[in-house]
Amino acid sequence: MIVKDSEKTSDILKGLVLLMATVCGFTVANVYLNQTLLVSMSATFHISAASIGIIATLAQIGYALGNLLLVPLGDIFERKKLILFLLFAICIVLALNALSINKTWMMVTSLALGIVTVVPQIIVPLAANIASDHNRGKVLGNVAIGLVCGILGARLVSGFIDVHFGWRMVYWTSAAAILFMIFLVYVYFPRSKGGNATSYKHLLMSLGPLFIKERALQKACVSQGMMFASFSAFWTTLVFLLHTHPYSYGSDMVGVIGLVGIAGAFATPIIGRLIDTKGEKFASLLCMSISLLAFIGLIRGGYWLPGLILGALLITVGTQANQVACQFTIFQLGEEKRSRLNGLYMVSTFLGGSLGSYVGLLAWTKWQWNGVCAIAILMIAISCCSLIPMNILRKMIGNLMNKKGSNM
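These figures come from a predicted structure and were not determined experimentally.

Thresholds, definitions, all that
Residues numbered from 1 in each chain as written. Predicted model: local features only at pLDDT ≥ 70, side-chain atom pairs only at ≥ 80, totals over all residues. Heavy atoms only, no water. Axes fitted to C-alpha atoms, helices over the stretch in contact; angles between N-to-C directions. Helix = DSSP H or I, 4+ residues; strand = E, 2+ residues; numbered from the N terminus. Parallel < 35°, antiparallel > 145°, perpendicular 65-115°, else oblique. Left-handed = near helix turned anticlockwise from the far one by under 90°. Contact = heavy atoms within 4.5 Å. Nonpolar A, V, L, I, M, F, W, Y, C, P; charged D, E, K, R; others polar. pLDDT = per-residue confidence, 0-100. Salt bridge = Lys/Arg side-chain N within 4 Å of Asp/Glu carboxyl O. Buried < 20%, exposed > 50% of the residue type's maximum accessible area, 1.4 Å probe, protein only. Expected span 1.5 Å × (residues − 1). Polar contact = N/O pair within 3.5 Å; in protein donor to acceptor, adjacent residues only side chain to side chain. Disulfide = S-S within 2.5 Å. Core = buried A, V, L, I, M, F, W, Y, C linked by side-chain atoms within 4.5 Å. Phe/Tyr/Trp six-rings, centres within 6.5 Å; stacked < 30°, edge-to-face > 60°.

Chemist: What's the story with the packing of helix H4 (residues 79-98) against helix H6 (residues 119-130) in this structure? I'm lost.
Modeler: The relative placement of two packed helices is expressed as an angle between their axes plus a distance between the axes. It is the contact of H4 with H6, at a shortest axis distance of 10 Å, that shows an interaxial angle of 155°. The angle between H4 and H6 falls in the class roughly antiparallel. The element H4 and its partner H6 pack so that their crossing is left-handed. From H4, Arg 79, Leu 82, Ile 83, Leu 86, Leu 87 and Ile 90 reach across to H6, where they touch Val 119, Ile 122, Ile 123, Leu 126 and Asn 129. Partitioned by chemical class, the residues of the contact of H4 with H6 number 9 nonpolar, 1 polar and 1 charged.

Chemist: Can you help me understand the confidence of the model for the protein in this one?
Modeler: Do not read the fine detail of predicted coordinates wherever pLDDT is low. Of the residues in the protein, 86% have a pLDDT of 70 or more, and the chain-wide mean is 82. In this model residues 1-6 is a low-confidence stretch, pLDDT under 50, and it forms 0 contacts with partners more than four residues away in sequence or in other chains.

Chemist: Explanation requested: the pattern of salt bridges in the structure shown.
Modeler: Between side chains of opposite charge, a pair can form when the charged atoms approach closely. Applying the stated criterion to the full structure yields 1 salt bridge. One salt bridge in this structure joins Lys 337 and Glu 214, with 3.1 Å as the shortest N-O distance. With Lys 337 in the loop between helix H15 (305-331) and helix H16 (338-385) and Glu 214 in the loop between helix H10 (207-213) and helix H11 (215-242), the pair connects residues that are 123 residues apart, well separated along the chain. Overall, the relative accessible area of 11% leaves Glu 214 in the buried class.

Chemist: Just checking my understanding: could you explain H6 for this structure?
Modeler: In an α-helix, one turn spans 3.6 residues, which is why side chains three or four residues apart end up on the same side. Here H6 spans 17 Å end to end across 12 residues, near enough to the 16 Å set by a 1.5 Å rise per residue. Summarising burial for H6: 10 of the 12 residues are buried, a large majority. All of the buried residues along H6 are Val 119, Pro 120, Gln 121, Ile 122, Ile 123, Val 124, Pro 125, Leu 126, Ala 127 and Ala 128.

Chemist: Would you explain H4 in this entry?
Modeler: Taking 1.5 Å per residue as the helical rise, H4 with its 20 residues ought to reach 28 Å, and the 29 Å between its terminal C-alpha atoms agrees with that figure. The element H4 is largely enclosed, with a buried count of 15 among its 20 residues. A side-chain oxygen of the first residue of H4 lies 3.0 Å from the backbone nitrogen of Lys 80; this N-cap is Glu 78.

Chemist: Explain the side chain of Thr 349 to me, please; I cannot follow it from the model alone.
Modeler: Tracing the chain through its elements places Thr 349 in helix H16. Excluding residues that lie within four positions of it along the chain, Thr 349 makes contacts with Gln 224, Gly 225, Phe 228 and Gln 323.

Chemist: Looking at this structure, how should I read the state of the cysteines?
Modeler: A covalent bond bridging the sulfur atoms of two cysteines is what the word disulfide describes. As enumerated under the stated definition, the model contains 0 disulfides in all. Cysteine Cys 384 remains unbridged, with the sulfur of Cys 385 as its closest cysteine sulfur at 7.1 Å. Overall, the relative accessible area of 27% leaves Cys 384 in the partly exposed class.

Chemist: Just to check I follow, could you spell out the side chain of Gln 121 for this structure?
Modeler: Along the chain, the position of Gln 121 falls in helix H6. On the basis of relative accessible area, Gln 121 is assigned to the buried category, the value being 1%. For Gln 121, the side chain forms a polar contact with the side chain of Tyr 63, separated by 3.3 Å. Apart from the residues lying within four places of it in its own chain, the contact partners of Gln 121 are Tyr 63, Asn 67, Val 71, Leu 147, Gln 327, Asn 342 and Met 346.

Chemist: Any chance you could explain unusual backbone geometry here in plain terms?
Modeler: Negative phi is the rule for most residues except glycine; trans is the rule for most peptide bonds. In this model, His 46 sits at a positive phi of 60°, which is unusual for a non-glycine residue. In this structure His 46 comes out as exposed when scored by relative accessible area, which is 71%. For Gln 368, which is not glycine, the phi torsion reads 60° and is therefore positive. Position of Gln 368 relative to the elements: it lies in helix H16. For Gln 368, a relative accessible area of 36% puts it in the partly exposed group.

Chemist: Looking at this model, I keep getting lost on the environment of Arg 300. Mind explaining?
Modeler: Tracing the backbone shows Arg 300 in helix H14 (residues 280-301). Taking the C-alpha atoms as reference points, Arg 300 and Asn 370, 70 residues apart in sequence, are found 8.2 Å from one another.

Chemist: Got a minute to help me understand the nonpolar core in this structure?
Modeler: Across soluble globular proteins, nonpolar side chains have a tendency to be buried as a group. The biggest cluster of nonpolar side chains holds 120 residues, and the ones touching the most others in it are Met 41, Tyr 171, Phe 234, Trp 235, Leu 238, Leu 308 and Trp 369. Of all the elements, helix H1 (residues 2-45) adds the most residues to this core, at 15 residues. Here Met 41 is in contact with Asn 34, Ile 52, Ile 55, Met 106, Trp 167 and Tyr 171, once residues within four sequence places are set aside.

Chemist: Help me out: how do you make sense of the packing of helix H3 (residues 54-69) against helix H5 (residues 103-116) in this one?
Modeler: Two numbers describe how H3 lies on H5: the axes approach to 6 Å, and their chain directions differ by 30°. Looking at the two axes, H3 sits roughly parallel to H5. By crossing handedness, the relation of H3 to H5 is classed as right-handed. Listed contacts from H5 to Ile 54, Ile 55, Leu 58, Ala 59, Ile 61, Gly 62, Tyr 63, Leu 65 and Gly 66 of H3 are Lys 103, Met 106, Met 107, Ser 110, Leu 111, Gly 114 and Ile 115.

Chemist: Explain the packing of aromatic side chains here, please?
Modeler: How two aromatic rings sit relative to each other is set out by the distance from centre to centre and by the angle between their planes. For the structure on display, the rule yields 9 aromatic pairs. Relative to Trp 167, the ring of Phe 45 lies with its centre 5.7 Å away and its plane at 65°, an arrangement referred to as edge-to-face. On the criterion of sequence distance, the pair formed by Phe 45 in helix H1 and Trp 167 in helix H8 (residues 167-188) is long-range, its members being 122 residues apart. Like Phe 45, the residue Trp 167 is buried in the burial classification. Summarising the aromatic geometry, the rings of Phe 228 and Phe 231 are spaced 5.4 Å apart at their centres and angled 15° between planes, so their arrangement reads as stacked. Of this pair, Phe 228 and Phe 231 both sit in helix H11, 3 residues apart, which is roughly one turn of that helix.

Below you can see the structure in the form of C-alpha cells.
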C-alpha cells in the first residue's frame, strides 16, 4: 500500500511538473513573438529594420522590470492567485499589441507585455519547492523544457502565422492560448503562499542587501546575463541574415530553425542530472564551452544552412542548460527567499538579453554577421570569468594592470 501511494504521489508530481512546463512555455513565448515579426512590422509602420529593433529590446527590458517588481511577490502572496492575475493581464496587453497603429503604440505595449509576462519566474521557485534535494536539478531541467520550447516555438508559430495571416494575428492567437492556460492553472495548480509576512515596500527594499550579500547570486547573474546576451544577439539578427544573400528566406524560416533548436530543450534534464551528480560549476563550464564553440563555427558556418542549424541547436543547449545550473546554485541559498533570488537573477538575465538584442542589431548594421558572432564570443568570454574565484580574478587583473604600467 505504501508503494502504491508513493507511485501515485510520483505520478502527480510528474503531471504537475509537466503542467508547469507547459504554462511556462506558453507565457514566456510572448516575450519573443516580436523577434520574428520585426521585418513585417517595419513594413507596416514604414520604418527601417534597425529602428523597429527597439521593440524587441523593450520587451526584454519590460521582462527584467517585471522580474524586479512582480516576481518577489511570490515570497509573500498566494502564488496561484498571483499567476492567474498576471495571465489575465497578459491577455489584455496582447490584444493591445494586436491593435497597434504606430511604432510608439507598439513600443509601449511591448514594454507592458514584457512586464506582465513573468509567470514562469513565479512558477520556477514553486517547482524548486516541491522538489526534494536529490532531484531538484532534474525537476528544474524538466520545467526548463517548457521555457525553451516556448522561446523557440514562438518563432516557429509566429513566423508561420505572419507569412499566411499577418503579424497582428500572431498576438490574437497567443491571447487565445493564454485564456486556455488560465483554465488549466485554475483547475490544476495547487494553492500555496510565500513564507514572509512583510510589506511590499520592505520586500523591495530587501532586494539590494540580498544581492550585495550573496556572492553566488552575483556570479550567477553575470554568468547567465552574458550567456543570454549572446543568445539574444543570435536570434534577434537571424531574421535579417535569412533575408539576405545567400538565403533570401522569409520569416517562417526563422521558425523552422527554431524548431530544430527546440531539440536542444531536451538537453536541459540531462544537464539537471549532471548537476545532481557532478555539480553546478562543472555543468556551467560545459554549457559555456558549447556556446563558445558554436559561435566560433558560425563565423564561417553561418552562411551554410546546415551549419547555421547546428549552431542554433548548440547555442540553445548551452544557454538554457546554463540557466538551469545557475538557478540550481541560487536556490541553494534559502527556500524562504527563492522568489526574490530568482527575480534578481532574471532581472540580470533579461537585461543581458536586451543588451544582446541591441548590440547585436548594431553589430549587424555595421559589420553584418561576423560582427554579431564576434560580439557574442566576447559576451561568453565575460560569462566564463564568473567561474573564476574572486581572489584569483583580482590577482589576474592586478598583474595585467602592473604589466601595462611597466610597459608605459
